[in-house]
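Now for the letters of each chain:
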Amino acid sequence: MVKNKKAFITGIAGQDGSYLAEYLLSLGYEVAGIVRRNSTVEHQRNRIDEIEGIELSYGDLLDQSSIENALLSFQPDEIYNLAAQSHVRISYDIPQFTTQTNALGVLNMLEAYRRVCPKAKFYQASSSEMFGSSVDEDGYQRETTPMTPVSPYGCTKVFGYNIVRNYRNAYKLHTNNGILFNHESPRRGSNFVTNKVVKSAVMISLGLQDKLELGNMDAYRDWGHSYDYVRAMHLILQQDKPGDYVVATGETRSVRDMCEYVFSKLKLDYRDYVTQNPKFIRPEELPYLKGDSSKIRKELGWELTYTFEGMMDEMIEHWLEIFKKEKV
Ligand code: F7E
């Protein structure tokens, strides 16, 4: 009998962790993950409550013993390190925690992996935020674009990216970086801009809210769907040789364009409802992202299944269903 592959996921209760767990279970994997202890148990596992067959234990990237114990007992073939303090603006409020988790946490994961199960393959959730203010002359960011991060979050992710490459070369480990551009879904936290806009626009359309306050509406982002991006993570770990891959749609839109699309879908004009609040403006902004994902498309055959419009429509439907039920 063929043995099922085993995948270990940190950040399994997050947007990407939940899609990845579902996807790997559908491929016949055994899936385990760690979650952090939280005083409100009820909301902690919302995204994975309905998914059957995940083996969960308490753990934290900053608690080396918890990672080693989990890896020792599960003995994974693949490790996906998705756990992070992932909010860029909040990384200014809690820069030290962000650095401990996103930088030192990656090192802790690599050390535990190297000691306990070095034959496994390792995926690190690296980010387009690492490029910061760098853009190639043709208007894209790609694997070779210099990294000049413009946020504490971006700086921590550059450390994670580099230490993953260092462990690959120094210890001949199968460590990989997915450099993922923004990716969204109905499971995105509603303090990220896409889901904040969709949730508020739906509430406004149903008479449940009057206005929406945003920060910089002239920032451009390359927005894909989390489901497509977790398939990329899995593809990256199916290769014989480790590597680093940009995952992006290659399209860019401003926050303003995104608002216009969402509000007009709900037969509203965003200019009647959206105002700017300096509270949401970042001390230093990353103005423009557009990724060139030719490498993963050519080498690994990765393809998108969602368009931007399809993804936003799915998010609108999600919130309409929730708030219409609440109204009844
Ligand atoms: O902001 C602008 C904001 O918080 C997008 C994370 O997954 O992607 C994400 O980071 C843009 C920025 O995502 C509001 O200034 C305007 O320009 O949705 P966001 P992000 O910062 O790009 C990267 C790739 C990651 O790795 C991160 O983990 O929207 N914006 N007004 C706003 N943003 C928020 N959150 N709230 C506003 O009111």
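Model, not experiment: these values are computed from the prediction. (Residues numbered from 1 in each chain as written. Predicted model: local features only at pLDDT ≥ 70, side-chain atom pairs only at ≥ 80, totals over all residues. Heavy atoms only, no water.)

Draft legend 1. The overall build of the protein, seen in detail. Tallying secondary structure elements over the protein gives eleven helices and 13 strands in all. Computed over the C-alpha atoms, the radius of gyration of the protein is 20 Å, within 12% of the 20 Å expected from 2.2 N^0.38 for a compact globule of 328 residues. With the principal axes as the frame, the protein shows a C-alpha extent of 60 × 50 × 40 Å. Evaluated residue by residue, the protein yields a buried proportion of 53% over its 328 residues. Sequence separation of 24 or more characterises 78% of the internal contacts of the protein that already satisfy a separation of 6 or more. For the protein, the separation between the mean place of its 39 positive charges and that of its 44 negative charges on side chains is 3 Å. (Helix = DSSP H or I, 4+ residues; strand = E, 2+ residues; numbered from the N terminus. Rg over C-alpha atoms; globule rule 2.2 N^0.38 Å. Buried < 20%, exposed > 50% of the residue type's maximum accessible area, 1.4 Å probe, protein only. Contact = heavy atoms within 4.5 Å. Lys, Arg positive; Asp, Glu negative; His and termini not counted. Charge placed at Lys NZ, Arg CZ, Asp CG, Glu CD.)

Draft legend 2. Highlighting the packing of aromatic side chains. Under the counting rule described, the total for this entry stands at eleven aromatic pairs. When the centroid spacing of 6.0 Å and the interplanar angle of 40 degrees are considered together, the rings of Y80 and Y123 count as tilted. Here Y80, found in strand β4 (residues 78-81), pairs with Y123, found in strand β5 (residues 121-127); they are 43 residues apart in sequence, far enough to count as distant. Grouping residues by exposure puts Y80 and Y123 together as buried. Where Y229 meets W302, the ring centres are 5.7 Å apart and the plane angle is 80 degrees; that geometry is what we call edge-to-face. Of the two residues, Y229 sits in helix α8 (residues 226-236) while W302 sits in the loop between α10 (294-300) and α11 (308-327), which places them 73 residues apart along the sequence. Take Y229: its relative accessible area is 0%, and that puts it in the buried class. Taken together, the aromatic side chains of W223, Y261 and F308 make up a single cluster linked through ring pairs. Over the ring of F74 we find K6, and its NZ or CZ is 5.0 Å from the ring centre. For R114, the ring lying beneath its charged end belongs to Y171, and the centroid distance is 4.1 Å. (Phe/Tyr/Trp six-rings, centres within 6.5 Å; stacked < 30°, edge-to-face > 60°. Lys NZ or Arg CZ within 6 Å of the ring centre and 35° of its normal.)

Draft legend 3. Molecular detail of the site of the ligand. The local shell around the ligand holds 22 residues, among which S86, S127, K196, R282 and E285 are the closest. With respect to the ligand, the side chain of S127 contributes an N or O atom lying 2.7 Å from an oxygen atom. Starting from 700 Å² of accessible surface for the ligand in isolation, the protein chains cover 96%. Counted by class, the shell around the ligand contains nine nonpolar, eight polar and five charged residues. (Near = heavy atom within 4 Å. Polar contact = N/O pair within 3.5 Å; in protein donor to acceptor, adjacent residues only side chain to side chain. Areas by Shrake-Rupley, 256 points an atom, 1.4 Å probe, with all protein chains shown as cover. Nonpolar A, V, L, I, M, F, W, Y, C, P; charged D, E, K, R; others polar.)

Draft legend 4. Looking closely at the sheet that holds strand β2 (residues 30-35). Pairing in this open sheet of seven strands is parallel, and the strands run β3-β2-β1-β4-β5-β6-β11 from one edge to the other. This sheet does not close on itself; its edge strands, each paired only once, are β3 (54-58) and β11 (244-247). In this sheet, neighbouring strand axes are inclined to one another by 20 degrees on average, regardless of whether the strands run parallel or antiparallel. Two elements, β5 and strand β6 (residues 174-180), share seven bridges in a ladder whose sense is parallel. Within β6, the residue paired with A125 across the bridge is G178. (Pairing = 2+ DSSP bridges. Axes fitted to C-alpha atoms, helices over the stretch in contact; angles between N-to-C directions.)

Draft legend 5. Highlighting unusual backbone geometry. With a phi angle near 50 degrees, Q75 is a residue other than glycine that sits in the positive phi range. What makes Q75 partly exposed here is its relative accessible area of 39%. A positive phi angle is found at K267, which is not glycine, with a value near 60 degrees. Residue placement: K267 occurs in the loop between α9 (255-265) and β13 (274-276).

Draft legend 6. Region of interest: the side chain of H87. With respect to the helices and strands, the residue H87 is situated in the loop between β4 and α4 (90-93). Among the polar contacts made by the side chain of H87, one reaches the main-chain amide nitrogen of I90 at a distance of 3.4 Å. One polar contact links the side chain of H87 to the main-chain carbonyl oxygen of N191, over a distance of 2.9 Å. Discounting chain neighbours no more than four positions away, the residues touching H87 are N191, F192 and R282.

Draft legend 7. Inspection of helix α5 (residues 95-116) at higher detail. In this model α5 runs 30 Å from its N-terminal to its C-terminal C-alpha over 22 residues, within 8% of the 32 Å that 1.5 Å per residue would give. Of all the bends in α5, the greatest measures close to 35 degrees and is centred on G105. (Expected span 1.5 Å × (residues − 1). Bend = angle between axes of the 7 residues up to and from the residue.)

Draft legend 8. Examining the packing of helix α7 (residues 193-205) against α9 more closely. One way to put it is that α7 packs onto α9 with a least axis distance of 10 Å and a crossing angle of 30 degrees. Relative to α9, α7 is oriented so that their crossing is right-handed. Here V193, T194, V197, V198, A201 and I204 of α7 lie close against α9, whose contacting residues are V255, M258, C259, V262 and F263. (Left-handed = near helix turned anticlockwise from the far one by under 90°.)

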